[in-house]
Amino acid sequence: MAPMSQAIDVHVLLLPDSNPDWWQECRASMQGEPINLHLVDGMVGHIGRRRARGFGLGAAPYVSCVDPDDLVIPGAFEACLKVLEDHPEACGAYTDQLLIDAEGKVIKPGIWSGMPWNPLLQLEPKYLHPVYVMRRRFMQKYLLELGRWPNMAEFVLKGLITAHGPWIHVNRFGYKWRMSGNAAHKRQSLMHVYAARWRVIPTLQQAARACSATIKVDATLV
């Protein structure tokens, strides 16, 4: 196992419209975590190219990223790291999320909080927007792919990486996702969302078969 201070490479994309006060809060929230922090200048209109740059930085066995307007709950990265060390078959680990408003007040838990990982539910783009940690050796297979997606790059990466093993859900809140009017996810076109979903559907279906995942609904709604 790598030394705790170097176990995870984490990058942050800083765009011209990043709120400097929120970024300072974000940075402070990661103090004491077992991460190497890398700052990357964002590219307006093409997140994927800069995500590829960020994920490629460093040499730690695990990688992640954090948005500069969000907050990490203490211990989240360490919890993910422990789970991955205990589950060598996993491609990654992730926590639950809390949605907060512009002032940092908690609004509600994130979607699917408290539920085990289900690759079929992962078609929801917001499914994995908490603290999450991936094995570098799997992530590296998709760096070129990331650079092809102006938007939805993380969503595609998190879906395709399930070809190498399951995600492990860490049943604790680890991330505070700020719901601000400037959120990039609100500017994505439906065409990008649909294209990204079609890209990952075969891989997620394969992962669902491997773990016998289903989506249970009321029989009267089928």
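Everything that follows concerns the structure shown earlier in this document.
Please read all numbers here as calculations on a predicted model, not as lab measurements.

Conventions adopted
- Residues numbered from 1 in each chain as written.
- Predicted model: local features only at pLDDT ≥ 70, side-chain atom pairs only at ≥ 80, totals over all residues.
- Heavy atoms only, no water.
- Buried < 20%, exposed > 50% of the residue type's maximum accessible area, 1.4 Å probe, protein only.
- Helix = DSSP H or I, 4+ residues; strand = E, 2+ residues; numbered from the N terminus.
- Pairing = 2+ DSSP bridges.
- Axes fitted to C-alpha atoms, helices over the stretch in contact; angles between N-to-C directions.
- Parallel < 35°, antiparallel > 145°, perpendicular 65-115°, else oblique.
- Contact = heavy atoms within 4.5 Å.
- Nonpolar A, V, L, I, M, F, W, Y, C, P; charged D, E, K, R; others polar.
- Phe/Tyr/Trp six-rings, centres within 6.5 Å; stacked < 30°, edge-to-face > 60°.
- Lys NZ or Arg CZ within 6 Å of the ring centre and 35° of its normal.
- Polar contact = N/O pair within 3.5 Å; in protein donor to acceptor, adjacent residues only side chain to side chain.

1. As for the pairing of strand β7 (residues 132-135)
The side chains of a regular strand alternate between the sheet's two faces. Every second residue of β7 is oriented toward a common face, with Y132 and M134 on one face and V133 and R135 on the other, all of them buried. Judged from the two bridges that link them, strand β3 (residues 62-65) and β7 form a sheet pairing that is antiparallel. By the bridge assignment for β7, Y62 is matched with R135. Of the strand pairs in this sheet, strand β5 (residues 92-100) and β7 are connected by three bridges, and their pairing is antiparallel. Each bridged residue has a counterpart across the sheet, and for G92 the counterpart in β7 is M134.

2. A short note on the packing of helix α6 (residues 153-160) against helix α7 (residues 190-210)
Their axes nearest at 8 Å, the elements α6 and α7 cross at an angle of 10°. In terms of orientation, α6 lies roughly parallel with respect to α7. Residue-level contacts link F155, V156, G159 and L160 of α6 to A196, R197, R199, V200, T203 and L204 of α7. Looking at the contact of α6 with α7 residue by residue, the classes come out as six nonpolar, two polar and two charged.

3. So, the packing of aromatic side chains
Within this structure, the stated rule accounts for three aromatic pairs. Consider the rings of Y94 and W167, whose centres lie 6.2 Å apart with planes at 75°: the pair is edge-to-face. Pair noted here: Y94 is in strand β5 and W167 is in strand β8 (residues 167-178), with a separation of 73 residues, a long-range link. For Y94, a relative accessible area of 2% corresponds to the buried category. For W167, a relative accessible area of 2% gives the class buried. Its guanidinium or amino end placed over the ring of F138, R137 lies 4.6 Å from that ring's centre, counting from NZ or CZ. The ring of Y132 carries the charged tip of K158 above its face, separated from the ring centre by 4.0 Å.

4. Observations concerning unusual backbone geometry
In this structure, M152 takes a positive phi of about 65° despite not being glycine. A positive phi is found at S212, a non-glycine position, where the angle reads about 55°. Relative to the helices and strands, S212 is located in the segment after α7. Judged by relative accessible area, which is 63%, S212 ranks as exposed.

5. What about the environment of R136?
Structurally, the position occupied by R136 is in helix α4 (residues 136-139). On the basis of relative accessibility, which here comes to 7%, the residue R136 falls in the buried class. Ignoring sequence-local partners within four residues, the contact set of R136 consists of D9, F55, G56, L57, G58, A59, A60, P61, Y62 and V63. In terms of polar contacts, R136 uses its side chain to reach the side chain of D9, at 2.6 Å. At a separation of 2.6 Å, a polar atom in the side chain of R136 contacts the main-chain carbonyl oxygen of A60.

6. Topic: the side chain of E154
With respect to the helices, strands and loops of the structure, E154 is situated in helix α6. On the accessibility criterion, E154 (15% relative accessible area) is buried. Side-chain polar atoms of E154 contact the side chain of R51, separated by 3.0 Å. In contact with E154, other than residues within four places in its own chain, are R51, C65, Y132 and L146.

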